[in-house]
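# Examination of the molecular architecture
Chain residues, written in single-letter form:
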Amino acid sequence: MKVETSSLYVHIPFCASKCYYCDFNSYVSTSDVMDRYLDGLDRELEAVSAAYLHKPLQTVFFGGGTPTIFDARQSERMMEMLHRHFKMADGVEISVESNPGTVDLEKLRVLKDGGVNRLSFGVQSFDNDLLVKLGRLHDRDAVYRSWELARQAGFQSINLDLMFGLPGQTVETLEGTLKALIELGPEHVSAYSLKVEEGTPFYTWYERGKLILPHEDEEVQMYHLVMDTFRANGYDMYEISNYAKPGHRSRHNQVYWRNEPYMATGSGAHGYVDGVRYVNQKDVPQYISTTVSGERPVTETEAIDEAIQREDTMILGLRLIEGVTFERFRARHGTEMLDVFAAPIRKYEARGLLTVDETGVRLTEQGIFLANEVFAEFLGAGE
């Protein structure tokens, strides 16, 4: 069944350097390759707009990589292409990921004029020593300079990404970062614990015993500190890793957590439309060659059957602090949540990790810390 979607993800795979922990599809490249990439992206945006039933877009997310590695001319072209191929809804949320030190006032004004109304800076820490250990190119001062430029350009909705559980990090150094972040006063914060992913330098060092991470108990203490700090300073914890001031929740990310459809373009991008997940070519030269010739760069498609869609609705939806409502599950799947998932729900309700009331199911405070264990119980349970 064809379903109208109103969300679009655009992947820009270029970075100034590769961070030691990063397993995202990102590359260091040159300006002429970036221009060729935009040639291909232009053709793909046109093809995707024609391929899927969609309404004027409610959310657009330019992720990466580092989309703000483009210069002002390339940034202007990127926004022009978006508006040429898609209509925007009134009040559309258009987000762009960025790294401190990759923006200037001209570029930011170009993005703002192109409709971007939400910036996301990958800050990760305000501790310069930790930033070096992560392989980040920016330092604390670059965060402040980029922040000032973003405010000067008129951005009123800014997210800062934060990481904890880092090598050499202590609760005390995290406190310093949180204090500096709160003083800036971003409208949104995403705070994630470090995950050591295969294929990264961190993974190699970890396997060799050369990456010393905080003890699990200390990481839990850090998570408590993060939650308590943001809640005490006017932020609503609306997802297990995300905090927002009133009116500034990420609308685009909620599309993912609610298991709703979204189109995706760019090398390595993952889309989900009409019950089918698709993946684009990761290799940038291949992606450019395919798209410039007018073909879609899709390398994998998977039709998601109803049982797995139900599981995804629970696993993704339980990341939200509000959880999954009975009404939303019924509207999406045409069946009752407790008819499908009574066993895992009752098991973790009895253990105090899930709360069940008249509206739906959600993680308890204790359940937030054991979320992955709870999620795993829903795998294979959607029959």
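From N to C terminus, the protein chain includes 15 helices and 15 strands. For 383 residues, the compact-globule formula gives about 21 Å, and the C-alpha radius of gyration of the protein chain, at 21 Å, lands near that figure. In terms of overall dimensions, the protein chain has a C-alpha envelope of 60 × 55 × 45 Å along the principal axes. Across the protein chain, contacts joining residues at least 24 apart in sequence account for 71% of those joining residues at least 6 apart. Surface exposure of the protein chain reaches about 16700 Å², of which carbon and sulfur atoms provide 49%. For the protein chain, the centre of its 39 positive side-chain charges and the centre of its 58 negative side-chain charges are spaced 2 Å apart.

Right, let's get into the side chain of Q169. Among the structural elements, Q169 can be located in the loop between β5 (158-164) and α6 (171-184). Engagement of the side chain of Q169 in a polar contact is seen with the backbone nitrogen of G165, the distance being 2.9 Å.

The subject of this paragraph is the layout of surface pockets. A volume near 570 Å³ is recorded for the second largest pocket. Around the second largest pocket, the lining is made up of 24 residues, and of these V3, N259, E260, P261 and R332 lie nearest the centre. Elements with a contribution of two residues or more to the lining of the second largest pocket: β1 (5-12), β2 (54-64), α9 (251-257), β10 (270-273), α11 (306-317) and α12 (326-333). Split by residue class, the lining of the second largest pocket holds six nonpolar, 10 polar and eight charged.

With that settled, the discussion passes to the sheet that holds strand β13 (residues 324-325). One open sheet holds the three strands; their spatial order is β13-β15-β14, and the pairing between them is antiparallel. If you trace the sheet from one side to the other, it starts and ends with β13 and β14 (354-356), each paired once. Taken strand by strand, helix α13 (residues 337-350) contacts β13, β14 and β15 (360-363), and its axis lies near 130° from that of β14.

This paragraph deals with the pattern of salt bridges. Scanning all chains against the criterion turns up 19 salt bridges. One salt bridge in this structure joins R36 and D39, with 3.9 Å as the shortest N-O distance. In this pair, R36 and D39 are both assigned in helix α1 (residues 31-51), three residues apart and thus about one turn of the helix distant. Linking R151 and E187 is a salt bridge whose minimum nitrogen-to-oxygen distance equals 2.8 Å. Of this pair, R151 sits in helix α5 (residues 140-152) while E187 sits in the loop between α6 and β6 (188-193), and the two are 36 residues apart along the sequence.

Moving on, we get to the environment of H248. The residue H248 is located in the loop between β8 (242-244) and α9 in this model. Residues H248 and Q156, spaced 92 residues apart in sequence, show a C-alpha to C-alpha distance of 9.7 Å. Setting aside residues up to four positions removed in sequence, H248 forms contacts with Q156, S157, E187 and H188. A polar atom in the side chain of H248 sits 3.0 Å from the side chain of S157.

Below, the discussion takes up the pairing of strand β3 (residues 88-98). Examined bridge by bridge, β2 and β3 share five bridges and lie parallel to one another. Along β3, the bridge assignment pairs T59 with E93. Read as a crossover between parallel neighbours, the route from β2 over helix α2 (residues 72-85) to β3 is right-handed. Relative to strand β4 (residues 118-124), β3 runs parallel, the two sharing four bridges.

Further remarks concern the packing of aromatic side chains. Following the criterion strictly, the structure yields 14 aromatic pairs and no others. Ring geometry for F14 against Y37: centres 5.2 Å apart, planes inclined by 80°, an arrangement best described as edge-to-face. Here F14, found in the loop between β1 and α1, pairs with Y37, found in helix α1; they are 23 residues apart in sequence, far enough to count as distant. Arranged with centres 6.0 Å apart and planes meeting at 65°, the rings of Y238 and W257 form a pair that is edge-to-face. Separated by 19 residues along the polypeptide, Y238 in strand β7 (residues 236-239) and W257 in helix α9 bring together distant segments of the chain. Under the relative-accessibility criterion, W257 is labelled buried at 7%. Directly above the ring of F155 sits K112, whose terminal nitrogen or CZ lies 6.0 Å from the centroid. Note that R277 overlies the ring of Y272, its terminal NZ or CZ placed 4.0 Å from the centroid.

Rules used throughout
- Residues numbered from 1 in each chain as written.
- Predicted model: local features only at pLDDT ≥ 70, side-chain atom pairs only at ≥ 80, totals over all residues.
- Heavy atoms only, no water.
- Helix = DSSP H or I, 4+ residues; strand = E, 2+ residues; numbered from the N terminus.
- Rg over C-alpha atoms; globule rule 2.2 N^0.38 Å.
- Contact = heavy atoms within 4.5 Å.
- Areas by Shrake-Rupley, 256 points an atom, 1.4 Å probe, with all protein chains shown as cover.
- Lys, Arg positive; Asp, Glu negative; His and termini not counted.
- Charge placed at Lys NZ, Arg CZ, Asp CG, Glu CD.
- Polar contact = N/O pair within 3.5 Å; in protein donor to acceptor, adjacent residues only side chain to side chain.
- 1 Å grid on protein atoms, 1.4 Å probe; cavity = no way out; pocket = protein on both sides within 12 Å on 5 of 7 lines; lining within 4 Å.
- Points joined across faces, edges and corners; volume = space filled by probe spheres on them.
- Nonpolar A, V, L, I, M, F, W, Y, C, P; charged D, E, K, R; others polar.
- Pairing = 2+ DSSP bridges.
- Axes fitted to C-alpha atoms, helices over the stretch in contact; angles between N-to-C directions.
- Salt bridge = Lys/Arg side-chain N within 4 Å of Asp/Glu carboxyl O.
- Right-handed = clockwise from strand over helix to strand, strands pointing away.
- Phe/Tyr/Trp six-rings, centres within 6.5 Å; stacked < 30°, edge-to-face > 60°.
- Buried < 20%, exposed > 50% of the residue type's maximum accessible area, 1.4 Å probe, protein only.
- Lys NZ or Arg CZ within 6 Å of the ring centre and 35° of its normal.

Note that every value here comes from positions in space, so none of it alone points to a role or purpose.
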